[in-house]
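# Inside the fold
What follows is each chain in one-letter form.
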Amino acid sequence: MDYQAVLEEVAAQVKPQIGRGRVAQYIPALASVDADRFGIALADVDGHVAGVGDWERPFSVQSISKAFSLALVLADDGEKLWRRVGREPSGNPFNSLVQLEYENGIPRNPFINAGALVVTDRLQTLTGDASTTMLDFLRAESGNPDLAFDQEVAISESAHGDRNAAVAHFMASYGNLHNPVPTVLEHYFWQCSIEMSCRDLALAGGFLARHGLRADGSRLLSRSEAKRVNAVMLTCGTYDAAGDFAYRVGLPGKSGVGGGIVAVVPGRCTLCVWSPGLDARGNSVAGVAALDHFTTLTGWSVF
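First things first, this report covers the structure right here in the doc. Note that this is a predicted model, so its numbers are computed, not measured. (Residues numbered from 1 in each chain as written. Predicted model: local features only at pLDDT ≥ 70, side-chain atom pairs only at ≥ 80, totals over all residues. Heavy atoms only, no water.)

### A closer look at the overall build of the chain
Counting its secondary structure elements, the chain contains 14 helices and 8 strands. Relative to the 2.2 N^0.38 estimate, which gives 19 Å for 303 residues, the radius of gyration of the chain is 17 Å and therefore close to what a compact globule would have. In the chain, buried positions account for 58% of the 303 residues. The contacts in the chain between residues at least 6 apart in sequence include a share of 69% that link residues at least 24 apart. As displayed, the chain has an accessible area near 11800 Å², and 48% of this comes from carbon and sulfur atoms. Each charge class in the chain can be summarised by its mean position, and for the 25 positive and 33 negative side chains these summaries are 6 Å apart. (Helix = DSSP H or I, 4+ residues; strand = E, 2+ residues; numbered from the N terminus. Rg over C-alpha atoms; globule rule 2.2 N^0.38 Å. Buried < 20%, exposed > 50% of the residue type's maximum accessible area, 1.4 Å probe, protein only. Contact = heavy atoms within 4.5 Å. Areas by Shrake-Rupley, 256 points an atom, 1.4 Å probe, with all protein chains shown as cover. Lys, Arg positive; Asp, Glu negative; His and termini not counted. Charge placed at Lys NZ, Arg CZ, Asp CG, Glu CD.)

### Here we look at the nonpolar core
Phe68, Leu138, Leu201 and Leu221 are the most contacted members of the largest nonpolar core, which totals 63 residues. Counting residues per element, this core draws most heavily on helix 3 (residues 65-77), which supplies 7 residues. Excluding residues that lie within four positions of it along the chain, leucine 221 makes contacts with Ala71, Leu74, Ala75, Phe207, Leu208, His211, Gly212, Ala226 and Val229. Listed in part, the 26 residues of the second largest apolar core include Val14, Val249, Ala289 and Phe294. (Core = buried A, V, L, I, M, F, W, Y, C linked by side-chain atoms within 4.5 Å.)

### Considering the side chain of arginine 210
Mapped onto the secondary structure, arginine 210 falls in the loop between helix 11 (206-209) and helix 12 (223-236). As a buried residue without a salt bridge, arginine 210 has its nearest oppositely charged side chain in glutamate 141, at a separation of 4.2 Å. Those residues in contact with arginine 210 that sit more than four places away from it in its chain are Asp44, Val45, Glu141 and Ala215. (Salt bridge = Lys/Arg side-chain N within 4 Å of Asp/Glu carboxyl O.)

### As for the sheet that holds strand 6 (residues 253-255)
Ordered in space as 2-1-8-7-6, the 5 strands form an open sheet in which the pairing is antiparallel. Each having just a single partner strand, strand 2 (49-53) and strand 6 make up the two edges of the open sheet. Geometrically, the sheet is characterised by an average inter-axis angle of 10 degrees between neighbouring strands, direction not taken into account. With 6 bridges joining them, strand 7 (residues 260-265) and strand 8 (residues 269-274) adopt antiparallel strand pairing. Opposite valine 265, over in strand 8, you have cysteine 269 as the bridge partner. Here helix 1 (residues 3-14) sits on the sheet in contact with strand 1 (39-44), strand 2 and strand 8, set at roughly 25 degrees to strand 2. (Pairing = 2+ DSSP bridges. Axes fitted to C-alpha atoms, helices over the stretch in contact; angles between N-to-C directions.)

### Some points on the pattern of salt bridges
Following the criterion strictly, the structure yields 8 salt bridges and no others. Between aspartate 77 and arginine 122 there is a salt bridge, with the nearest N and O atoms lying 2.6 Å from each other. Placement of aspartate 77 in helix 3 and of arginine 122 in helix 5 (residues 113-127) is noted, with a sequence separation of 45 residues between them. You'll find aspartate 77 and arginine 122 in the same group, each marked buried. Linking arginine 214 and glutamate 141 is a salt bridge whose minimum nitrogen-to-oxygen distance equals 2.7 Å. In this pair, arginine 214 sits in the loop between helix 11 and helix 12 while glutamate 141 sits in helix 6 (residues 130-142), placing the two residues 73 residues apart along the sequence. By relative accessible area, which is 5% here, glutamate 141 ends up buried.

### Comments concerning helix 6
Along its 13 residues, helix 6 runs 18 Å from first to last C-alpha, staying within 8% of the 18 Å computed at 1.5 Å per residue. The set of residues buried in helix 6 consists of Ala130, Ser131, Met134, Leu135, Phe137, Leu138, Glu141 and Ser142. Projection of helix 6 onto a plane perpendicular to its axis shows the buried side chains occupying an angular sector of 165 degrees, all on one side. Glycine 143 lies just past helix 6 and shows a positive phi near 75 degrees. (Expected span 1.5 Å × (residues − 1). Arc of directions from axis to C-beta.)

Interpretation note: all reported values are geometric properties and have no functional meaning in isolation.
The following block contains the structure:
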């Protein structure tokens, strides 16, 4: 398949959607991003990459980082994590406190903020430096040693992170955080602040398309574990719009309020699309449309 031609066709079809929606407002450092940006990249399982538009322009990964932290914890700790976080869609906004009280401090899944904080907490216990561990992993998998944290975004998130702090303290009251709340929050904000391009993210997520194999051929996850990460991405990876995303796109995906979405075609490739304009649920308007067009055009989906 001519990947470049396919991506160019997708970009042409999605052009009317670019600029629609609103950039993330609740993190001031993200509010100034140009909503008219658009990029898409595809990395196949052999590491060949194609891209269109702003596909090499770095942006804030935000919640896309949650897929990588989950994989790193499962790789090191196996199934133990699932005693502390569920695997069910939430049906509520990603930063909701409501479900935690009903469910005794156990987050519904690892991709809502509460669940991601538990995952970060466990990664911190396992490594002693959760955010740097993730950055090193992403540098290795993307082949880009220059990946870095965006200090402005991290500081901005910390200064406006009262709801995340509330969620973390609430879970700590149930004994579901093992490190000090300020430590967990610090590493969580730093991991969300990492800047990557569509190219970087498509390559970094390749292990999910290769059934758990890293870029160097070593095994990060078992085939079964990779399947499970993809399954949770499909059912929970786009906040409370996961059902609609599965209906339209038909691929495991993880979005972030920076406007990026990573999607996986197991056995074939990983895609990353970026367009900062978000819908009411926090997903990229043009990004979802682009992935919808891609799966329709290629016939590649998990269904």
